[in-house]
Amino acid sequence: LTPVYAYVIFYYATVFNYTGTGPLWKIIAGQDSQDCKDNWWTNILYISNYVHADHMCMTHSWYLPCDFHYFIIAIGVCLLIKKEKKFGLGALLLLTITSILIPFILTVVYSRPALLHFYPEFLTGPKTHPDFLLTYSKSHTRATPYFIGMFAGYAYYKVQEANTHVCRIKSHLLILVSVFFILISIVGGAVFYNPYHPYNSIESATYAALHRPAFALGSTGIIYASSYGHASFIRNILTWQPWIPLSKLVYGAYLMHMQFQLRAAAKFMSPRQFSYFDLISLSLSDMVLSFAAALGLYLIVEAPFRKLFREMLMPNKVSPPRQTTEPTMRENVANGTCDSRL
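In what follows, the accompanying structure is described. The shown structure was predicted, so the numbers you read here are calculated from the model rather than taken from an experiment.

Basis of the calculations
For every chain, the first residue of the written sequence is number 1, and numbering continues from 1 along that sequence. Two thresholds apply to this predicted model, a pLDDT of at least 70 for residue-level local features and 80 or more for giving and counting side-chain atom pairs, whereas whole-chain, interface and lining totals are computed over all residues. The basis for the side-chain values is all heavy atoms of the structure; hydrogens and waters are excluded. Axis geometry follows a simple rule: fit a line to the C-alpha atoms, using only the stretch in contact for helices, then measure angles between N-to-C directions, giving values from 0 to 180 degrees. Working definition: helices are DSSP H or I runs of at least four residues, strands are E runs of at least two. Numbering for both runs from the N terminus. Convention used here: angles under 35 degrees read as roughly parallel, angles over 145 as roughly antiparallel, angles from 65 to 115 as roughly perpendicular, and any remaining angle as oblique. Handedness of a crossing is defined here by the sense of rotation of the near helix relative to the far one, left-handed for an anticlockwise turn of less than a right angle and right-handed for a clockwise turn. Note on contacts: a residue pair is in contact if any heavy atoms of the two residues lie within 4.5 Å. Under the scheme applied, nonpolar residues are Ala, Val, Leu, Ile, Met, Phe, Trp, Tyr, Cys and Pro; charged residues are Asp, Glu, Lys and Arg; polar residues are all the others, including Gly. Given a residue, its bend is the angle between the two axes fitted to the seven residues that end at it and to the seven that start from it. Burial classification: accessible surface area is computed with a 1.4 Å probe over protein chains only, and a residue below 20% of its type maximum counts as buried, one above 50% as exposed, and the rest as partly exposed. The criterion for a disulfide is a pair of cysteine sulfur atoms lying within 2.5 Å.

Attention now goes to the packing of helix H2 (residues 25-44) against helix H12 (residues 250-266). Contact geometry of H2 with H12 gives a least axis separation of 8 Å together with a crossing angle of 155°. Classified by the angle their axes make, H2 and H12 are roughly antiparallel. The way H2 lies across H12 gives a crossing that is left-handed. Of the residues in H12, those touching H2 at Trp 25, Ile 28, Ala 29 and Asp 32 are Leu 262, Arg 263, Ala 265 and Ala 266. Of the residues assigned to the contact of H2 with H12, the class counts are six nonpolar, no polar and two charged.

Remark: the principal bend of helix H13 (residues 276-313), roughly 50°, maps to Tyr 298. Three or more residues of H13 are buried, namely Asp 286, Ser 290, Ala 294, Leu 297, Tyr 298, Val 301 and Glu 302. Along its buried surface, H13 packs onto helix H1 (2-14) and H12.

Turning next to the state of the cysteines. In the structure shown here, the tally under the stated rule is one disulfide. Linked covalently through their sulfurs, Cys 36 and Cys 57 form a disulfide whose S-S length is 2.0 Å. Here the S-S torsion is close to 85°, and the disulfide linking Cys 36 with Cys 57 is therefore right-handed. Highlighted residues: Cys 36 in helix H2 and Cys 57 in the loop between H2 and helix H3 (63-83), separated in sequence by 21 residues. Neither Cys 36 nor Cys 57 differs from the other in exposure class; each is buried.

Set out below in structure tokens:
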């Protein structure tokens, strides 16, 4: 992750501030560029969501330190599972329960809303918003889906060994339940956007603690059903070949997409009214520009560094040809058998 990340941080800290002008440019783009000049080191060390989080370089990069922290924890948990399976899985279960309780407790204690509201007061100053700093960007409040994913990966590995197959009825039922979990986790948030809905700390805390696990469980169920059951339509979508090259560009698009949105907001010269067509048009424009920039990043930075690290850490070892007196594969085929040692 780091080489491309560092390259984009360098761009934000140096070049980005000079790529446009406008009455709001210095306030929006200039401030973000200055934060990258001052706090780039917290991003490189993956502590930016805890250290100087109110002046974080690249607001959307809060996810990367979270992912890094979970990865460190995951290594320890995997070693525990390998050494003592029951103890390791118990530790993972304890971590999962703790990660559910943390947002619940914080929401009740601080009387915060169930989710981060994307209202103007947040969009105009996301880094200093209390909910962004308290729960939205912190590793200890976002860990549950990662731990559920670890359970899912372990179960997937075990089921793959057992060559399990899910029948048609169970597959369809699992898909329906999974879609229900995903819809509840998303649509349920509409209740808390209703300005006339009375605030209840327990209700808000319950949604804050459970909506991400519900989404993770729903995603896991769909993957399980499409892998081992009768969900061929979903499996064909998930295994569609064009996803492969796009998957190599997603990380770069994630890093670069915000600068296009910041530029658009900072260059406004006068108030503007948006229609649904404008929203769709701007969204598609952001996607195309982000993936085009990601392609350049991949070719110039990411792919060369991946190759370099692979050569340094995992050099190719050419083993000498194995001497054998057994018949060759061609001879076996000629004799009516096929003995392929791949």
